[in-house]
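# Remarks on the overall topology
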Amino acid sequence: MKIYLEKTIAVKIPEGKIKKTIQQILTCEDEKDCNLTVVFSDDKYLRSLNRRFRNVDKPTDVIAFSMLEGEEVGTGSKPAPTHQILGDIYISVQRAKKQSKEYQVSFEEELLRLAVHGVLHLLGYDHQTPEQAKKMRRKEGKFLIS
């Protein structure tokens, strides 16, 4: 398992904690043999990704591009077989700073929450319906407490 962290802007991030949390998620979800990349960027870049791939012309806090395809994507079901490259997660550092103040948590905690959220999206979890959102929130809570 390889977890790559990249930055397109200068920012101090808790690299060890983020990698450890992602490793725990992948191990618990039985996805030990995959690689993923987390890119820390700014609102401008995430807005361009959001506009290009989701047709939403505004910045977002996190966007994930899964390499998984098929019927099970978005259900939280484990795909079979395990894929070598799970995908890429992009996190807006600007949005994380703003949301940390809004949610009254540390910047580090908000970055970690966004990373967990992105990994769950890569694994097929979504929040389009109330049932999906509830399932995804439970998973987020589990991994943020660990």
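See above for the structure.
Residues numbered from 1 in each chain as written. Predicted model: local features only at pLDDT ≥ 70, side-chain atom pairs only at ≥ 80, totals over all residues. Heavy atoms only, no water.

## Quick word on the pattern of salt bridges
Using the criterion set out here, one finds eight salt bridges in the structure. When the shortest N-O distance is used, the salt bridge between Lys139 and Glu29 registers 2.6 Å. Linking Lys139 in helix H5 (residues 130-145) with Glu29 in the loop between helix H1 (15-28) and strand E2 (35-41), this pair joins segments that are 110 residues apart in sequence. Each member of the pair, Lys139 as well as Glu29, is classed as buried. A salt bridge links Arg113 to Asp61, with the shortest nitrogen-to-oxygen separation between them at 3.7 Å. A residue pair is termed long-range when its members are at least 10 positions apart, and Arg113 in helix H4 (residues 107-122) and Asp61 in the loop between helix H2 (43-54) and strand E3 (62-66) qualify at 52 residues. Its relative accessible area of 16% is what places Asp61 among the buried residues. Counted as one network, the salt bridges with shared partners bring together Arg47, Arg51 and Asp57. (Salt bridge = Lys/Arg side-chain N within 4 Å of Asp/Glu carboxyl O. Helix = DSSP H or I, 4+ residues; strand = E, 2+ residues; numbered from the N terminus. Buried < 20%, exposed > 50% of the residue type's maximum accessible area, 1.4 Å probe, protein only.)

## Points about the pairing of strand E1 (residues 2-7)
Taken together, the six bridges between E1 and E2 define a ladder with parallel strand orientation. Bridging from a neighbouring strand, Leu5 pairs with Val38 of E2. On the question of chirality, the crossover connecting E1 to the parallel E2 by way of H1 is left-handed. (Pairing = 2+ DSSP bridges. Right-handed = clockwise from strand over helix to strand, strands pointing away.)

## Focus on the packing of aromatic side chains
Taken as a whole and assessed by the stated rule, the structure comprises three aromatic pairs. On the basis of an interplanar angle of 50° and a centroid distance of 5.9 Å, the ring pair of Tyr45 and Tyr90 is categorised as tilted. With Tyr45 in helix H2 and Tyr90 in strand E4 (residues 85-92), this residue pair connects regions lying 45 residues apart in the sequence. When its relative accessible area of 35% is taken as the criterion, Tyr45 is described as partly exposed. For Tyr90, a relative accessible area of 14% gives the class buried. Relative to Tyr90, the ring of Phe65 has its centre 5.8 Å away and its plane inclined at 80°; by these criteria the two rings are edge-to-face. One end of the pair, Phe65, is in strand E3; the other, Tyr90, is in strand E4, and 25 residues separate them in sequence. These aromatic residues form a ring-pair network of at least three members: Tyr45, Phe53, Phe65 and Tyr90. The ring of Phe107 has Lys97 lying over it, and the distance from NZ or CZ to the ring centre is 5.6 Å. (Phe/Tyr/Trp six-rings, centres within 6.5 Å; stacked < 30°, edge-to-face > 60°. Lys NZ or Arg CZ within 6 Å of the ring centre and 35° of its normal.)

## A word on the side chain of Thr60
Note on placement: Thr60 falls in the loop between H2 and E3. With a relative accessible area of 15%, Thr60 lands in the buried category. Leave out the neighbours within four places in its chain, and Thr60 touches Leu46, Asn50, Ser92 and Arg95. (Contact = heavy atoms within 4.5 Å.)

## Regarding the packing of helix H3 (residues 93-102) against H4
Helix-helix packing: each pair is described by the crossing angle between the helix axes and the interaxial distance. The geometry of H3 relative to H4 is characterised by a closest axis approach of 8 Å and an angle of 120° between their N-to-C directions. Viewed along their axes, H3 and H4 adopt a mutual orientation that is oblique. Like other packed secondary-structure pairs, H3 and H4 cross with a definite hand, here right-handed. For the pair formed by H3 and H4, the contact residues are Val93, Ala96, Lys97, Gln99 and Ser100 on the first element and Phe107, Glu110, Leu111, Arg113 and Leu114 on the second. For the contact of H3 with H4, the residue count by class is five nonpolar, two polar and three charged. (Axes fitted to C-alpha atoms, helices over the stretch in contact; angles between N-to-C directions. Parallel < 35°, antiparallel > 145°, perpendicular 65-115°, else oblique. Left-handed = near helix turned anticlockwise from the far one by under 90°. Nonpolar A, V, L, I, M, F, W, Y, C, P; charged D, E, K, R; others polar.)

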